[in-house]
Amino acid sequence: MKAEYITVHNTYNDATANNEVSYMIGNDNEVSFHYAVDEYTVVQGIPTNRNAWHCGDGNKGTGNRKSIGVEVCYSKSGGERYKKAEELAIKFIAQLLHKRNWGVNKVKQHYAWSKKNCPHRIRDEGRWNQVINNIQSELNKLKNPVSKPQNKEEPFMLDKAIVINSSADYGAAESASNRLGAPVISRSLASKEKMAKELIVIGGSKDGLKADKFTVLSGKNRFETSNLVGKHIGLL
Ligand SMILES: [Zn+2]
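So, here is what we can say about the structure in this document. (Residues numbered from 1 in each chain as written. Predicted model: local features only at pLDDT ≥ 70, side-chain atom pairs only at ≥ 80, totals over all residues. Heavy atoms only, no water.)

Turning next to the nonpolar core. One finds Leu-97, Ile-135 and Leu-199 to be the most contacted residues of the largest nonpolar core, which totals 51 residues. Residue contacts for Leu-97: discarding those within four places in its chain leaves Ile-6, Trp-102, Gly-103, Val-104, Lys-106, Val-107, Ile-135 and Leu-139. Ile-164, Tyr-170, Val-184 and Val-229 belong to the second-largest nonpolar core, a separate cluster that totals 13 residues. (Core = buried A, V, L, I, M, F, W, Y, C linked by side-chain atoms within 4.5 Å. Buried < 20%, exposed > 50% of the residue type's maximum accessible area, 1.4 Å probe, protein only. Contact = heavy atoms within 4.5 Å.)

Structure (structure tokens):
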């Protein structure tokens, strides 16, 4: 797929981004998307060069055929974690736009393709224009990094992010994430593009990952790894 748009969804669910993606992969039905975002994590479900089925506009629809689907988690109940997920999604979408040299006119609601009331929470709360304005200001920051002019050629989204080796390390990663305020991002995403200045690697090696600085917290097994993480974040 050669993407031309980004489509924003609300999951109408209270699952984490990891669970949304596992569900999508495990469930062989016709619904799929490229990214799910919760309060800490951007998880990629499908590469952006492949199309996904998230717009309800059919086999030849521009939404399904030419747009990158971004699901914002926790929209069913909303609240603080939804707000944080939406904020992270806004930053992430700004980065997708920036990389492609696109403007916010490329960002569409699911509603635009098939009149489904999605992203339902943003629509019901009448905040679509606000979301677009927020994406615009994040995009402006990426285009004109005021505080870091020397880094102009390397826009980044995050100071710190956490990468795990397998789902066995997710428990340790979650407490580190809460403690450090750094999202957990998928290993495949962190190898493909530089998402953060510093990567905290929980389990496994830093081979192939992209960042300026690495903190590798990997033991021989998940218990050792979890111990290292505990020490690092000062819980032990
Ligand atoms: Zn949708």
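What follows continues from the structure just given.
Two side chains that carry opposite charge are able to pair once their charged atoms sit near each other. Under the defined criterion, the tally for this structure stands at nine salt bridges. The salt bridge partner of Arg-127 is Glu-86, with a shortest N-O separation of 2.9 Å. Of the two residues, Arg-127 is situated in the loop between α5 (120-124) and α6 (128-143) and Glu-86 in helix α3 (residues 80-100); the sequence distance between them amounts to 41 residues. Assigned by exposure class, Arg-127 and Glu-86 land together as buried. Ionic pairing is found between Glu-198 and Lys-213, a salt bridge with its closest N-O pair at 3.9 Å. You can see Glu-198 sitting in strand β8 (residues 196-202) and its partner Lys-213 sitting in strand β9 (residues 213-217), a full 15 residues away along the chain. On the basis of relative accessibility, which here comes to 49%, the residue Lys-213 falls in the partly exposed class. The network of salt bridges with common partners includes Glu-86, Arg-121, Glu-125 and Arg-127. (Salt bridge = Lys/Arg side-chain N within 4 Å of Asp/Glu carboxyl O. Helix = DSSP H or I, 4+ residues; strand = E, 2+ residues; numbered from the N terminus.)

Once that is clear, we can look at the coordination of the zinc ion. Binding of the zinc ion to the protein goes through His-9 (ND1), His-110 (ND1) and Cys-118 (SG), at separations of 2.0 to 2.3 Å. Donor residues for the zinc ion sit on one chain with the sequence pattern H-x100-H-x7-C. Pair noted here: His-9 is in strand β1 (residues 5-10) and His-110 is in helix α4 (residues 110-114), with a separation of 101 residues, a long-range link. Across the pair, His-110 and His-9 agree in class, each one buried. (Donors = N, O, S within 2.8 Å, 3.2 Å for Na, K, Ca; no water.)

A few words now on the pairing of strand β4 (residues 67-72). Here β4 lies mainly inside the structure; six of its six residues are buried. Side chains Ser-67, Gly-69 and Glu-71 project from β4 onto one buried face, and the interleaved Ile-68, Val-70 and Val-72 project onto a second face that is buried too. The pairing of β1 with β4 spans six bridges and is classified as parallel. Opposite Asn-10, over in β4, you have Val-72 as the bridge partner. In terms of strand pairing, strand β2 (residues 35-37) meets β4 through three bridges, oriented parallel. Among the inter-strand pairings, Val-37 is bridged to a residue of β4, identified as Val-72. (Pairing = 2+ DSSP bridges.)

What follows covers the layout of surface pockets. Think of a ball as big as a water molecule: rolled over the atoms, this probe shows where empty space is left. Size it by volume and the largest pocket reaches roughly 470 Å³. What lines the largest pocket is a set of 23 residues, and nearest its centre among them are Val-31, Phe-33, Trp-53, Glu-71 and Lys-116. Counting residues per element, the ones that place at least two in the lining of the largest pocket are β1 and α1 (17-26). A per-element tally of the lining of the largest pocket places α1 first, with three residues. (1 Å grid on protein atoms, 1.4 Å probe; cavity = no way out; pocket = protein on both sides within 12 Å on 5 of 7 lines; lining within 4 Å. Points joined across faces, edges and corners; volume = space filled by probe spheres on them.)

Tallying each qualifying case throughout the model produces one cavity of 30 Å³ or more. As a volume, the largest cavity reaches approximately 40 Å³. Considering the residues around the largest cavity, the lining is formed by Val-8, Val-72, Glu-86, Ala-89, Ile-90, Ile-93, Ile-122, Val-131 and Ile-135. By residue class, the composition of the lining of the largest cavity is eight nonpolar, no polar and one charged. (Nonpolar A, V, L, I, M, F, W, Y, C, P; charged D, E, K, R; others polar.)

Glancing now at the pairing of β8. Among the seven residues that make up β8, six are buried, leaving the element largely enclosed by the rest of the structure. The pairing of strand β6 (residues 158-164) with β8 spans six bridges and is classified as parallel. Bridging across to β8, Leu-158 finds its partner in Ala-196. Two strands pair when backbone bridges link them, and β8 and β9 are joined in this way by five bridges, in the parallel orientation. Each bridged residue has a counterpart across the sheet, and for Ile-200 the counterpart in β9 is Thr-215.

Everything listed is a geometric property; what it means functionally is a separate question.
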